[in-house]
Amino acid sequence: MHEARFYISEKEGKVRCTLCPHECLVAEGKHGSCKVRLNQDGKLFSEVYGRIAALNLDPIEKKPLYHFFPGQQILSVGTAGCNLHCLFCQNDSLSQHGVDENRHSITTDPAALMRKALAVPGNIGIAYTYNEPFVFYEFMADCARQAHQAGLRNVVVSNGYLNPAPLQELLPLIDAFNIDLKAFSDDFYRRQTGGRLQPVLESLQIIAEAKKHLEITNLVIPTLNDSAEEFESMVQWIAEKLGKAVPLHLSRYFPAYRLSLPPTPSVLLEKFYRIARGYLDFVYLGNVSDDTRSATYCPNCLAPLITRHRYETNLNRLTPDGKCADCGYPVPVVLN
Ligand code: SF4
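Definitions and limits used
Residues numbered from 1 in each chain as written. Predicted model: local features only at pLDDT ≥ 70, side-chain atom pairs only at ≥ 80, totals over all residues. Heavy atoms only, no water. Disulfide = S-S within 2.5 Å. Buried < 20%, exposed > 50% of the residue type's maximum accessible area, 1.4 Å probe, protein only. Pairing = 2+ DSSP bridges. Helix = DSSP H or I, 4+ residues; strand = E, 2+ residues; numbered from the N terminus. Phe/Tyr/Trp six-rings, centres within 6.5 Å; stacked < 30°, edge-to-face > 60°. Near = heavy atom within 4 Å. 1 Å grid on protein atoms, 1.4 Å probe; cavity = no way out; pocket = protein on both sides within 12 Å on 5 of 7 lines; lining within 4 Å. Sits in = over half its atoms within 2 Å of the grid points. Nonpolar A, V, L, I, M, F, W, Y, C, P; charged D, E, K, R; others polar. Arc of directions from axis to C-beta. Contact = heavy atoms within 4.5 Å. Polar contact = N/O pair within 3.5 Å; in protein donor to acceptor, adjacent residues only side chain to side chain.

### Side note on the state of the cysteines
If you walk through the whole model with that rule in mind, you get 0 disulfides. No disulfide involves C82; its sulfur sits 6.3 Å from that of C86, the nearest cysteine. On the basis of relative accessibility, which here comes to 9%, the residue C82 falls in the buried class.

Spelled out as structure tokens, the structure:
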């Protein structure tokens, strides 16, 4: 096991983890709420350092990232555990279990993972994803450091539930983020995820202020976060605080984990798409077959710059230096 960072010793052998806003007080022999940080003899350990539970070469669009090396592939890695406990979790087999409950995990180290990443032809880097990467912070940071030294990119797909100090420290190592903004209501966060809204908003602002590549995903769930007024407040906040060029992915919910509500109706997604387009330059529908609403349009002349069909990406009207081929408008897409 690898000693964790970001904790302080308390009375009676307890430790307080300060990695995420839960700030769990962990008694000896116990885990924090994420199930993968363990107090052993008054020290906090990460049980998921080098314990990979999922490893795949994925299209970058699957993260989803649409404005970061479009059409390329990235080696994607995940472990076990999560600091949120969303009732609708779409990846609960990894995220809602500790490392010992995950029979498929393999043990590795950053150097071995790097050799694998470099051996894959056409791979642009490493995506830390599947479960919540912040709960394997130490492993992610060590891998990301080596990846940069090897000329690879690092991508984080996260719920954004991290304290500011560890996030600030991580920023130089990460090239692109996709952060879930699950709703624009603290009540939703408390009831449905066990977290709070404000720390996620703060993480988004820290990432945007650092000028890191940022995209946002919002899973639209019928009856739980389908208020048009609340949604409009959210996209207005994104435009004002983060910028209207931040891509927003509206994702269709399907029944999963502890939630059995029916899937999001297409008409609701289309309505939210229209609302979001009133504030943001780049809005996409995900988890649906809708080529029209998964294309990137020029904000100036509306030419379709990048078209997508499932995971096939066509940069037909985007110039190699990232401009609209029709009107020359510079589009915020990272191409190299
Ligand atoms: S990272 Fe885990 S142990 Fe640490 S505060 Fe968050 S939930 Fe608790």
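Past the structure itself, the notes keep going.
### Things to note about the sheet that holds strand 5 (residues 37-40)
Taken in spatial order, the 3 strands make up an open sheet running 1-6-5, and their pairing is antiparallel. Two strands close off the open sheet at either side, each with one partner strand: strand 1 (2-3) and strand 5. Here 2 bridges tie strand 1 to strand 6 (residues 43-46), and the two strands are oriented antiparallel to one another. Of the residues in strand 6, the one forming a bridge with E3 is F45.

### Topic: the packing of aromatic side chains
The final tally for this structure, using the stated rule, is 9 aromatic pairs. Relative to Y284, the ring of Y66 has its centre 4.7 Å away and its plane inclined at 65 degrees; by these criteria the two rings are edge-to-face. Of the two residues, Y66 sits in the loop between strand 8 (54-59) and strand 9 (73-78) while Y284 sits in strand 16 (residues 283-286), which places them 218 residues apart along the sequence. Residue class for Y66 comes out buried when judged on its relative accessible area of 10%. Seen from their ring centres, F136 and F139 are 6.5 Å apart, and the 50 degrees between their planes marks the pair as tilted.

### Regarding the site of the ligand
Contacts to the ligand come from C17, L19, C20, H22, E23, C24, G32, S33, C34, R37 and N83. Its atoms largely coinciding with the cavity grid, the ligand occupies the largest cavity. For the shell around the ligand, the residue count by class is 5 nonpolar, 4 polar and 2 charged.

### Section: helix 2 (residues 110-119)
Burial in helix 2 covers these residues: P110, L113, M114 and A117. All buried residues of helix 2 project into a common sector of 100 degrees when viewed along the axis, lining one side. Projecting away from the buried face of helix 2 at angles above 90 degrees are the exposed residues R115 and A119. Looking at the buried residues of helix 2, the elements they touch are strand 7 (51-52), strand 8, strand 9, strand 11 (123-128) and helix 3 (137-149). Sitting at the amino-terminal end of helix 2 is D109, which places a side-chain oxygen 3.1 Å from the backbone nitrogen of A111.

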